[in-house]
Amino acid sequence: MALEEGSRTEQHRQKIWKALDDFRIEIPSWGFANTGTRFGKFSQPAAATSIEEKFADAAQVHALTGVVSNLALHVLWDLPNGTADVPKIQQLEQKTGIRSGSINPNVFQDQEYKFGSICNPSVEIRGKALSHLLASVEIGQALNSRDVSLWISDGSNYPGTQSIRRRIEWMEEVLASTHEALGPDQRMLVEYKPFEPAFYHTDIADWGMALELARRAGPKAKVLVDTGHHLQGTNIEQIVAWLLHLNALGGFHFNDRKYADDDLTIGSIDPYQVFRIFHEILSVRVEDRSAIAFMIDQSHNLKGKVEAMVQTVCTAQELFAKASLVDHEKLAELQDTCRLVEAEECFRDAFWQDVRPIVNEWREARKLPANPLHALAQSGYIERITEERGARNSASISSYA
Ligand code: AOS
Ligand code: ZN
Ligand code: ZN
Ligand code: ZN
């Protein structure tokens, strides 16, 4: 019995260590900055207020976890001067060892975009949005970043106020022009979201719309699945399976939600869903997985920014480790012979394994702290940045908009 248990543990160790060696995740610059809800913002003394501080925080998360691949950048928030800011970013990459990740255009907050950006009835405003997308492509080229990650918040709030079909035509035009500007190694990721900030129709509302728009734009366009961008009860892993089948999955914005696009810590509400998504990814050959961008998209107006990011990265690692334990061959045999309960047990058994001891061993074997969150608390980093940044970020009482 003990021997059997021992060899099972060894088997688990090999699977988990291999999976963790392949696991990398991109973290968002905006996850370190002050954010809030539409009802107000609670600024945090330790929040990053500059791109230098965002890179420093990302480097700290990587030093503790060892798996941060890149830092996603938001064009307006991190490169307000466009390509003129590229040399500064490159210096920060050198200084911190953190590479720039996806480039995120921002066509959702300028006044002119009140009635839409790439779907705006005004050809001039659509032109302005296109120029911003093209500038974002240029920044990506200058930073050798693979993905330009498009989130288009366009939509309308009342029936009859806009032509949904004319907006599709305008959108197709702009996305085709953006695709044309992509360099040989670049991709554009088309993100979808059912609602918010628009409340009647959102122009790219679901995976089908994003898929068709990506297809029509060209072969370097793929779909981005933000796990917080689905209506209640959506089977996200089924969408992932379809996009994998169609070779159309560009990657993920991982976060969790209870009700809407809540941008909560991954796995904090439904860890089993993340496990099921990771299971679909692990059914893809490891050499094909690099084409699937793992990115975090979260913003916590209450949790500490760096703590929440370390928590998220560790949770993602642990859920990926669990998913790596599924015996795909045995599962396929049980599925194809419709031995339902055995198939489900084979699947669930992996989820119920406590992988933390083996994950902690992996970390120690790679000279990383066994418990990154604990190590962060011990490091004094939060206290230091609170001291350095506190005065500027003097907590402000949330003000109603
Ligand atoms: C907004 O809801 C989307 O998730 C965006 O992808 C994200 O919040 C960020 O703004 C990147 O553009
Ligand atoms: Zn997103
Ligand atoms: Zn979102
Ligand atoms: Zn988001």
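You'll find the structure just up there.
Residues numbered from 1 in each chain as written. Chains lettered and ligands numbered in written order. Predicted model: local features only at pLDDT ≥ 70, side-chain atom pairs only at ≥ 80, totals over all residues. Heavy atoms only, no water.

Student: Can you lay out the overall build of the chain for me, pointing to particular residues and giving the numbers?
Tutor: Each helix and strand in the chain was counted, giving 15 helices and 12 strands. In terms of overall dimensions, the chain is globule-like: its C-alpha atoms have a radius of gyration of 22 Å, near the 21 Å expected for 401 residues. Overall, the C-alpha framework of the chain stretches about 75 × 55 × 40 Å when taken along its three principal axes. For the chain, the proportion of its 401 residues judged to be buried stands at 52%. On the chain, roughly 18800 Å² of surface is accessible, and the fraction owed to carbon and sulfur atoms is 53%. One finds the centroid of the 42 positive side-chain charges in the chain at a distance of 1 Å from the centroid of its 55 negative side-chain charges. (Helix = DSSP H or I, 4+ residues; strand = E, 2+ residues; numbered from the N terminus. Rg over C-alpha atoms; globule rule 2.2 N^0.38 Å. Buried < 20%, exposed > 50% of the residue type's maximum accessible area, 1.4 Å probe, protein only. Areas by Shrake-Rupley, 256 points an atom, 1.4 Å probe, with all protein chains shown as cover. Lys, Arg positive; Asp, Glu negative; His and termini not counted. Charge placed at Lys NZ, Arg CZ, Asp CG, Glu CD.)

Student: Could you give an account of the coordination of the zinc ion (ligand 4), with specific residues and numbers?
Tutor: Protein coordination of the zinc ion (ligand 4) is provided by Asp263 (OD), Asp297 (OD) and Asp297 (OD), with donor distances spanning 2.3 to 2.8 Å. A spacing of 3.9 Å is found between the zinc ion (ligand 4) and the zinc ion (ligand 2), which share Asp297 as a donor. Highlighted residues: Asp263 in the loop between β11 (249-254) and α9 (271-282) and Asp297 in the loop between β12 (293-296) and α10 (305-323), separated in sequence by 34 residues. (Donors = N, O, S within 2.8 Å, 3.2 Å for Na, K, Ca; no water.)

Student: Could you give an account of the site of ligand 1, naming the residues involved and the relevant values?
Tutor: Looking at ligand 1, the residues that line it are Trp30, His74, Asn104, Phe108, Trp151, Glu191, Lys193, Asp226, His229, His253, Asp261 and Asp297. At 3.0 Å from an oxygen atom of ligand 1 is found a side-chain nitrogen or oxygen belonging to Asp226. Here ligand 1 loses 93% of its free accessible area of 320 Å² to cover by the protein chains. For the shell around ligand 1, the per-class residue count stands at 3 nonpolar, 4 polar and 5 charged. (Near = heavy atom within 4 Å. Polar contact = N/O pair within 3.5 Å; in protein donor to acceptor, adjacent residues only side chain to side chain. Nonpolar A, V, L, I, M, F, W, Y, C, P; charged D, E, K, R; others polar.)

Student: Give a description of the packing of helix α2 (residues 51-65) against helix α14 (residues 372-379) that names residues and reports values.
Tutor: At their nearest, the axes of α2 and α14 sit 9 Å apart, and the two run at 125° to each other. It follows from the interaxial angle that α2 and α14 lie oblique. Where α2 crosses over α14, the two elements pack in a sense that is right-handed. Along its contact with α2, which presents Gln60, Leu64 and Thr65, the element α14 presents Pro372, Ala375, Leu376 and Ser379. (Axes fitted to C-alpha atoms, helices over the stretch in contact; angles between N-to-C directions. Parallel < 35°, antiparallel > 145°, perpendicular 65-115°, else oblique. Left-handed = near helix turned anticlockwise from the far one by under 90°. Contact = heavy atoms within 4.5 Å.)

Student: Describe the coordination of the zinc ion (ligand 3), with residues and values.
Tutor: Only His229 (NE2), Asp261 (OD) and Asp261 (OD) from the protein reach the zinc ion (ligand 3) as donors, at distances of 2.1 to 2.8 Å. Taken as a pair, the zinc ion (ligand 3) and the zinc ion (ligand 2) show a spacing of 3.9 Å. One end of the pair, His229, is in the loop between β10 (221-226) and α8 (236-245); the other, Asp261, is in the loop between β11 and α9, with 32 residues separating them in the sequence. When its relative accessible area of 3% is taken as the criterion, His229 is described as buried.

Student: Can you break down unusual backbone geometry residue by residue, with the values?
Tutor: Cis geometry is found at the peptide bond from Glu196 to Pro197, where omega equals 10°. Mapping Pro197 onto the fold places it in the loop between β8 (187-191) and β9 (201-202). Backbone geometry at Glu196 places phi at a positive 85°, although glycine is not the residue there. In this structure, Glu196 sits in the loop between β8 and β9. Look at Glu196 and you get partly exposed, because its relative accessible area is 32%.

Student: Give a detailed account of the packing of α8 against α9, specifying residues and quantitative values.
Tutor: Close contact between α8 and α9 brings their axes to 9 Å; oriented N to C, the two are set at 15°. In terms of axis orientation, α8 runs roughly parallel to α9. In this structure, α8 meets α9 at a crossing whose hand is right-handed. Residue-level contacts link Ile236, Glu237, Val240, Ala241 and Leu244 of α8 to Gln273, Arg276, Ile277, Glu280 and Ile281 of α9. Residues belonging to the contact of α8 with α9 are distributed by class as follows: 6 nonpolar, 1 polar and 3 charged.

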